[in-house]
Amino acid sequence: MIKDIIDANNNVTVGAKEIEILKEHFPACFRNGSFDIERLKEYLKDKIHVTEEGYELRFLGKNYARLLASLDTTTVIVPDAEHNNLPENKDSKNIYISGDNLDALKHLLKSYAGSIKCIYIDPPYNTGSDDFVYTDSFNFTVEELASKLSISEEQASRVLDLTRRGSATHSAWLMFMLPRLLLARDLLSKDGVIFISIDDNEQSNLKLLCDEVFGEENLIGSFPRITKRGGKSSDVIAQNHDYLFIYSKGAAPLLYPLEHNDAGFKYKDSHFEQRGYYKLNQTLDYDSLQYSSSLDYPIIMDGETFYPGGSEEDYIDRQKGNHNRADWCWRWSKDKFKFGLDNDFIVLKRTRNGSRIYTKTYQKAFIEDGDKGYFIDYGDRTKSVSTLELTENIYSNDNATKDVAQTIGKKIFDYTKPISLIMFALDLCVRNDDIVLDFFSGSGTTGESVMRWNAETRNTVRYILVQIPEQVKENTSAQKAGYKTIDEIGQARIKLAVNKLRKENPMFHGDLGFKHFTLQEPTNQSIEKMERFEPQTMFGDKTLVDEFGVPTILTTWLVRDGYGLTPDVKTLNIEGYELYYMDKHLYVINPHLSNAVVASLLDRYQSDAGFNPQNIVIYGYALSWGELQGLKDSLRVIRDGEKNMRINFDIRY
């Protein structure tokens, strides 16, 4: 467990993951401990241009940040049993994690790698007033860091100085963001998308960082977002916007077009049930189209003859070849016009200035051209998303303030984002059982937004929120309201939002609960016990079970083994001893494993055809050497017996 991770972390070096990938796919490039870059170029030369020049974002501590992304976390996951067992939460698939997001991302990767469809984050902007300081600390010595990064001790000292003095420089901010973005990328599904809010303090640096992490070609868009309408009267220039960067994991993100429901759709006719509202904003003729003689023809309606542009004289002149490259003609061919007229897509509008032919644009009906001619296709009308979409006032911080006021109250939380912004992201990229992650969850806007979006669309999207339990400031409205930490505010908002949602949507019965977990570092005392522990001892160390607790050990292991934070694990009570069974894993955590329990377990393997866990995971501190050997010997009988079962022993320390 923790000791195993500490030992593994001691051997981690920057780039080890990338080297393993190269070894897997290009083994011929490795020889006698060296890498042949020229041979790699030979593999790639016919497929992609290999450049010798380029540029990159360089900053103090960049390799240190990459190292932090490679190290495993030594924290354990503590389930909030009282909260999680409440009726509204016990079956919930939503997750709230209180803890450092770097640790949380490392835990999540073990179960959710490649599974997150949408990530939204609102990281610190590093404005100088948002209290950002670099906080990650892994207690490396100068000598250790110099060795791991293959840099001089002078350089190592500069990096460590940056981490220890709580810096808010650009380098510190980039060093803080890089490992988190690297881990976030690995969590995204192949068609997944990440949304990042930022302002001018770091937007240029973030753009270059994201280009490096996600790939410059995977930038979907950079959206300016209105933050407020007005500015201070003393300001020459009012800063009224920030940005939303949108990047994809790969070249083929799955995005959903937004519904096109503008105010122009206001008319109803006899086809309303099928076609929805319609609007009349397009005439059938235009003078700015590429001229085509086949689209320049007379139309007879209500005993009147109509020509493109309204002039018979000009029509005759055009027929003689006297026309411009772009000139008057109809938008529809003769056949399409006849189909549209027969199916009520045409309107003749008469005014005091004359008559013109218009086409109906329906919300949910379109004329399409098929193999057998024209037909009516039905579906929601969509629109391309403008990069100026977020300049509408609905996305401003004024609305964010109103959102928060309706749940936890005014002035409880600063720098929150509006629900409308998160809903925009959800509309664009999630459906059904997709998972949304926010690892700077703050006041919990993303959690409330997902629940509201599900209630409106009847989807079953899940959320995972992460927030460090940062202390609220002294004498603030939050402290006066009784909140001690930021994560308490986030959880409270979600609970209050649930009450509001239930009143507004009494017929909605979706998932409105969440499971809560806290990340906890082992104490120095626990680590010392682990380091002193000898596996060959005649007795286990029950205190190392009690200090963490069985639920914590089990939860941490279930995530590590890919089962996530909300699995349906079974508790097996054998002769009064509890084991835990999940799919292919059987977990042995409790001390005092008697011979009678082992014998009953052996019988279960042999008599129950549906019981065949292939991995026996043992908390090494819980069992004595004799108990451990007895369990191994007994199960070896099964492994070598007639059924020839595959059973692996995984002893974790």
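Values in this document were obtained by computation on a predicted structure and should not be read as measured data.

Glancing now at helix H12 (residues 312–319). For H12, the capping residue at the N-terminal end is Ser 311, with a side-chain oxygen 3.4 Å from the backbone nitrogen of Glu 313. Directly beyond the C-terminal end of H12, a positive phi value near 100 degrees is found at Gly 321.

Overall, the coordinates contain zero disulfides when judged by the stated rule. This cysteine, Cys 429, is not joined by any disulfide, and Cys 118 carries the nearest cysteine sulfur, 3.6 Å off.

Once that is clear, we can look at the sheet that holds strand S10 (residues 278–283). Taken together, three strands build an open sheet; the order of strands is S10-S16-S15 and the sheet is antiparallel. The two strands at the open ends of the sheet, each matched to only one other strand, are S10 and strand S15 (346–351). In this sheet, neighbouring strand axes are inclined to one another by 45 degrees on average, regardless of whether the strands run parallel or antiparallel. As paired elements, S10 and strand S16 (residues 354–362) share four bridges and run antiparallel to each other. In the strand pairing of S16, Tyr 278 is matched with Tyr 362.

Right, let's talk about the packing of helix H15 (residues 419–429) against helix H16 (residues 445–457) for a bit. Running from amino to carboxyl end, H15 crosses H16 at an angle of 60 degrees, the nearest separation of the two axes being 9 Å. Here H15 lies oblique to H16, going by the angle between them. Every pair of crossing elements has a handedness; the one defined by H15 and H16 is right-handed. Where H15 abuts H16, its residues Ile 419, Ile 422, Met 423, Leu 426 and Asp 427 lie against Thr 445, Thr 446, Glu 448, Ser 449, Val 450, Arg 452, Trp 453 and Glu 456. In terms of residue class, the contact of H15 with H16 is built from six nonpolar, three polar and four charged.

All right, on to empty space enclosed by the protein then. One simple way to see leftover space: roll a probe sized like a water molecule over the atoms. According to the stated counting rule, one finds three cavities of 30 Å³ or more in the structure shown. In this model, the largest cavity occupies a volume close to 100 Å³. The set of elements that each furnish at least two residues to the lining of the largest cavity consists of helix H1 (2–9), helix H6 (101–112) and helix H21 (550–560). The dominant element in the lining of the largest cavity, judged by the number of residues it contributes, is H21, at three residues. Classifying every residue of the lining of the largest cavity gives five nonpolar, five polar and three charged. One number sums up the size of the second largest cavity: a volume of about 40 Å³. Lys 93, Ile 95, Tyr 112, Ile 435, Arg 462, Tyr 463, Ile 464 and Thr 566 are the residues that line the second largest cavity. Among the elements that take part in the lining of the second largest cavity, strand S21 (residues 462–467) stands out by supplying three residues, more than any other.

Criteria and thresholds
- Residues numbered from 1 in each chain as written.
- Predicted model: local features only at pLDDT ≥ 70, side-chain atom pairs only at ≥ 80, totals over all residues.
- Heavy atoms only, no water.
- Polar contact = N/O pair within 3.5 Å; in protein donor to acceptor, adjacent residues only side chain to side chain.
- Helix = DSSP H or I, 4+ residues; strand = E, 2+ residues; numbered from the N terminus.
- Disulfide = S-S within 2.5 Å.
- Pairing = 2+ DSSP bridges.
- Axes fitted to C-alpha atoms, helices over the stretch in contact; angles between N-to-C directions.
- Parallel < 35°, antiparallel > 145°, perpendicular 65-115°, else oblique.
- Left-handed = near helix turned anticlockwise from the far one by under 90°.
- Contact = heavy atoms within 4.5 Å.
- Nonpolar A, V, L, I, M, F, W, Y, C, P; charged D, E, K, R; others polar.
- 1 Å grid on protein atoms, 1.4 Å probe; cavity = no way out; pocket = protein on both sides within 12 Å on 5 of 7 lines; lining within 4 Å.
- Points joined across faces, edges and corners; volume = space filled by probe spheres on them.

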